[in-house]
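# Survey of secondary and tertiary structure
For reference, the chains in residue letters:
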Amino acid sequence: MTITLNWAILGAGNIAAQFVYDLVLNNQRQTEYRHVVQSIGCSNQARGSEFIKANNITSENNYGVIPVVQSYQELYKNPNVNVVYIGTPHVFHKEQAIECLHNDKHVLCEKPITVNEKDAQEIFTVAKKYNKFCMEAVWTRFFPAIQIVKQEIYQTKVIGEVHRLFADLSYNGDVSSLPASSRVRDRKLAAGSLLDIGIYPITYARILLDDKVGDEHTSFKHKSFLTIDKEDQVDHLCSILFQYKDGKQAVLTSSELVDGPKAYVRLECTGGWVEMYSDNPARANHFKIFDKTGGLVLEYKDDSGYNGFIYEANAVADDINRGKIENDVMPHKETLLVMSVMDSIRKENGLTYDQD
Ligand SMILES: NC(=O)c1ccc[n+]([C@@H]2O[C@H](COP(=O)([O-])OP(=O)(O)OC[C@H]3O[C@@H](n4cnc5c(N)ncnc54)[C@H](OP(=O)(O)O)[C@@H]3O)[C@@H](O)[C@H]2O)c1
C-alpha cells in the first residue's frame, strides 16, 4: 500500500536540508512512501528558491510537484499541505507548531520541541483539541540500529547484564569566534548545550537503560552540573548522572567547547560492552558489541544511504495514515518527561530562559 504525505518545510536551514535529503532520496527510490514536498516556508524568497535547487527537489524527485516558496503565514494556509516539518530554532517552535495545528496541519517539530515542559504541554493540548498528529522529531529513536542493539542486549543477552552507560554529544564549536547572535550563543534563542545537544545523551539513557516510554517509564533520579559561560550566560559544558530504580547508572555529557570520544556511546555489561560511532551522535547508524576480552561479537552499520531522517518520516506517515495523533515510540509523555528532566537540570544549575 502506498502512503502519501504532503509536506511543508518551515525554515530553510541546516537541519531542514538534511531532512529533505532523505525525502528526496526516498522519492527517487520510489518506495511505498510518497513524501511530497509541497511548500518551503522561508523568511527570504531567494533563499527559499536556492534551498529547492541546492536540495535537488525537482519534479522528477517529488512526484511531479515543484514546491512553492512561501512566507510562514502563506504556508499555514496552504491547502495542499497536510504535515509540517518545523526546523527553526527552539524558541520559535511553540508559536509555529500551534499555528500549524490551528490550520489543520499535522506537525513534526525538531528537538527540543520547546524550551520547557509547560510550553510542550501547551502544544500537545492544542494537538489533542484539533485531533492532529504531533511529534517531537527525536529521530535517534527510529533508527534500525536501536532496535537491533536492544534486541541483542536485552532479549538475546549476548553480553550479560547491563549496568552502566556513558553517552556524549560534544563538538569543539570554537564558540568564542561565533557571533553573539548565533543560536549556539544567544540566550534569547535558548542557546546552551543541554537543550541543543545534551538532549541526545539523555535520549540514549532513556532508550538504552529503559524499555518503557512516557508514563510507563522506569523511575530514575538525576544530578547535574552546567558550567554557565560568563559572557553568553548559557551552558557550553554539561554533565549529568542518572540512576534508575534497578540500580543502572548513566554518565551523560555534552559540550560545544571540546570534541567528544569517537565511541560516543559505551554501554557496559557483565560480559562485555557496546560502542556506537557516528559523524553525528544523534545519528545512530553504527555499533559494535565486544565480549570481555575485546573480541568482536557483532557489528552493525546502516548502509542505506539515508541520513536517517527517513525512519522518523515513515513512522509519521504510518501514524497519520492510521489516524493516530501520537507515536508509540516517541509519545507526548516521553517528550514531557525529557523536557521535565531538562527543566530540573536547569533549575539545579540556575539557568533560566525568558520562556520559564
Ligand atoms: N535532529 C538533529 O540532529 C538536529 C540537528 C541540528 C539542529 N536541530 C534542531 O533543529 C532546529 C534548527 O536548527 P538548525 O541548525 O537547522 O538552525 P538554523 O539553520 O540556524 O536555522 C534554521 C532556520 O530557522 C530560521 N531562523 C534561524 N535563526 C533565526 C532567528 N534568529 N530568527 C528567526 N528565524 C530564524 C531560519 O528560517 P528561514 O529559512 O525561514 O529564514 C533558518 O533557516 C533547532 O531546534 C535544533 O535544535 C536538530
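Each value, and the rule that gives it
Residues numbered from 1 in each chain as written. Predicted model: local features only at pLDDT ≥ 70, side-chain atom pairs only at ≥ 80, totals over all residues. Heavy atoms only, no water. Helix = DSSP H or I, 4+ residues; strand = E, 2+ residues; numbered from the N terminus. Buried < 20%, exposed > 50% of the residue type's maximum accessible area, 1.4 Å probe, protein only. Contact = heavy atoms within 4.5 Å. Areas by Shrake-Rupley, 256 points an atom, 1.4 Å probe, with all protein chains shown as cover. Phe/Tyr/Trp six-rings, centres within 6.5 Å; stacked < 30°, edge-to-face > 60°. UniProt positions renumbered as here; feature names shortened; annotations may be inferred. Near = heavy atom within 4 Å. Polar contact = N/O pair within 3.5 Å; in protein donor to acceptor, adjacent residues only side chain to side chain. Nonpolar A, V, L, I, M, F, W, Y, C, P; charged D, E, K, R; others polar. Domains from an automatic or database assignment. Buried area = accessible area lost by both parts, 1.4 Å probe. Salt bridge = Lys/Arg side-chain N within 4 Å of Asp/Glu carboxyl O.

### Focus: the overall build of the protein
- Tallying secondary structure elements over the protein gives nine helices and 14 strands in all.
- Dimensions of the protein along its principal axes, counting C-alpha atoms only, are 55 × 50 × 40 Å.
- Taking all 356 residues of the protein together, 57% fall into the buried category.
- Residue pairs at least 24 apart in sequence account for 71% of intrachain contacts in the protein once pairs closer than 6 positions are excluded.
- Accessible surface, the protein as shown: approximately 15200 Å² in total, 49% of it carbon and sulfur.

### Regarding the packing of aromatic side chains
- Applying the stated criterion to the full structure yields twelve aromatic pairs.
- Consider the rings of Phe19 and Phe309, whose centres lie 6.1 Å apart with planes at 75 degrees: the pair is edge-to-face. Taken together, the positions of Phe19 in helix H1 (residues 14-28) and Phe309 in helix H8 (residues 309-321) put the pair 290 residues apart, joining distant regions of the chain.
- With relative accessibility at 0%, the residue Phe19 sits in the buried group.

### Regarding the UniProt feature "domain: Gfo/Idh/MocA-like oxidoreductase N-terminal" (unreviewed entry) in the protein
- Under the UniProt annotation, the feature "domain: Gfo/Idh/MocA-like oxidoreductase N-terminal" (unreviewed entry) is placed at residues 5-135.
- Summarising residues 5-135: 42% helix, 21% strand, and an end-to-end C-alpha distance of 15 Å.

### Observations concerning the site of the ligand
- With respect to spatial proximity, 26 residues lie near the ligand, and among them Asn14, Ser43, Arg47, Tyr72 and Lys111 are the closest.
- A distance of 3.2 Å is found between an oxygen atom of the ligand and a backbone nitrogen or oxygen belonging to Thr88.
- Separating an oxygen atom of the ligand from a side-chain N or O atom of His90 is a distance of 3.0 Å.
- Protein coverage of the free-state accessible area of the ligand, which is 900 Å², stands at 78%.
- Counting residues per element, the ones that place at least two in the shell around the ligand are H1 and helix H7 (193-208).
- Residues that form the shell around the ligand fall into these classes: twelve nonpolar, nine polar and five charged.
- Three or more residues apiece are contributed to the shell around the ligand by two domains, here domain 1 (3-138 + 309-326) and domain 2 (144-302).

### Quick notes on the domain arrangement of the protein
- Looking at the assigned domains, one finds that the protein contains domain 1 (3-138 + 309-326) and domain 2 (144-302).
- Summarising the inter-unit geometry, the C-alpha centres of domain 1 and domain 2 are found 27 Å apart.
- Taken residue by residue, the interface counts ten residues in domain 1 and eleven residues in domain 2.
- Taken over both partners, the interface formed by domain 1 and domain 2 buries close to 970 Å², and the fraction arising from carbon and sulfur atoms is 67%.
- When the area that domain 1 buries against domain 2 is broken down by residue, the three leading residues are His90, Lys111 and Tyr311, summing to 46%.
- A salt bridge links Lys111 to Asp196; its shortest N-O distance comes to 3.5 Å.
- The interface formed by domain 1 and domain 2 includes two residue pairs in polar contact (both at pLDDT 80 or more).
- The residue inventory of the side of domain 1 that touches domain 2, partitioned by class, reads seven nonpolar, one polar and two charged.

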